[in-house]
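Single-letter residue listing:
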Amino acid sequence: MPGLLRGIARTAVVAGTATAVSNRVSRRQAGRWAQQAEAQDPSAQAPPAQQQPPPPAPAAVGMDDKIGQLKELAELKEQGILTEEEFAAQKARILSS
């Protein structure tokens, strides 16, 4: 009987270890797939509700106002709210006004 209990206990330990390892591998693989999906589709990272368009520039803007707006745009870009293309378009709009 002790040999039978030892065999059952060993099987339980092996099965428990295998389950723990399998779960860890599954979580790691899911994380890798999520990173690959984000790298392939950057728009999937942040939902559209978080993105806010930059405030419209007033018609007559002084140089100090332009500098302030460019700094705000740079902050939005660094936070990931604006893409490189959106940043370039808004920067050109501010500098041309």
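Anything mentioned here points back to the structure above.
A short tour of the structure in this document, coming up.

Rules used in this analysis
Residues numbered from 1 in each chain as written. Predicted model: local features only at pLDDT ≥ 70, side-chain atom pairs only at ≥ 80, totals over all residues. Heavy atoms only, no water. Helix = DSSP H or I, 4+ residues; strand = E, 2+ residues; numbered from the N terminus. Buried < 20%, exposed > 50% of the residue type's maximum accessible area, 1.4 Å probe, protein only. Areas by Shrake-Rupley, 256 points an atom, 1.4 Å probe, with all protein chains shown as cover. Patch = residues over 30% accessible without salt bridge, like charges linked within 9 Å, V, L, I, M, F, W, Y side chains within 5 Å. Salt bridge = Lys/Arg side-chain N within 4 Å of Asp/Glu carboxyl O. Expected span 1.5 Å × (residues − 1). Arc of directions from axis to C-beta. Lys, Arg positive; Asp, Glu negative; His and termini not counted. Charge placed at Lys NZ, Arg CZ, Asp CG, Glu CD. Phe/Tyr/Trp six-rings, centres within 6.5 Å; stacked < 30°, edge-to-face > 60°. Lys NZ or Arg CZ within 6 Å of the ring centre and 35° of its normal.

### Focus: the overall build of the protein chain
A count of helical and extended segments in the protein chain gives three helices and zero strands. Each helix (α) and strand (β) of the protein chain, taken in turn from the N terminus, gives the series α-α-α. By the burial criterion, 10% of the 97 residues in the protein chain qualify as buried. Surface summary for the protein chain: the accessible area is close to 7800 Å², and the carbon and sulfur share equals 59%.

### With respect to the environment of Ala92
Looking at the secondary structure, you find Ala92 in helix H3 (residues 84-96). Given a relative accessible area of 44%, Ala92 falls into the partly exposed group. In sequence terms Ala92 and Leu70 are 22 residues apart; their C-alpha atoms lie 10.0 Å from each other.

### Here's the deal with a nonpolar patch on the surface
A cluster of nonpolar side chains, Leu4, Leu5 and Ile8, forms an exposed patch at the surface whose accessible area comes to about 320 Å². By the element assignment, Ile8 lies in helix H1 (residues 2-40).

### What to know about the pattern of salt bridges
Summed over all chains, the structure comprises one salt bridge. Notably, a salt bridge pairs Glu84 with Lys77, separated by 3.1 Å at the nearest N-O pair. Overall, Lys77 belongs to the partly exposed group, its relative accessible area being 32%.

### Regarding H3
With 13 residues, H3 should cover 18 Å at 1.5 Å per step; its first-to-last C-alpha distance of 18 Å lies within 8% of that length. Turning to H3, its buried residues are Phe87, Gln90 and Ile94. On an axial view of H3, the arc spanned by its buried residues comes to 75°, and they lie on one face. Turned more than 90 degrees from where H3 packs its buried face, Glu85 and Ser96 sit exposed.

### Describing a positive patch on the surface
Residues Arg24, Arg27, Arg28 and Arg32 make up a contiguous surface patch of positive charge. Relative to the elements of secondary structure, Arg28 occurs in helix H1.

### Observations concerning the packing of aromatic side chains
Summed over the entire model, instances satisfying the criterion amount to zero aromatic pairs. Its guanidinium or amino end placed over the ring of Phe87, Lys77 lies 5.1 Å from that ring's centre, counting from NZ or CZ.

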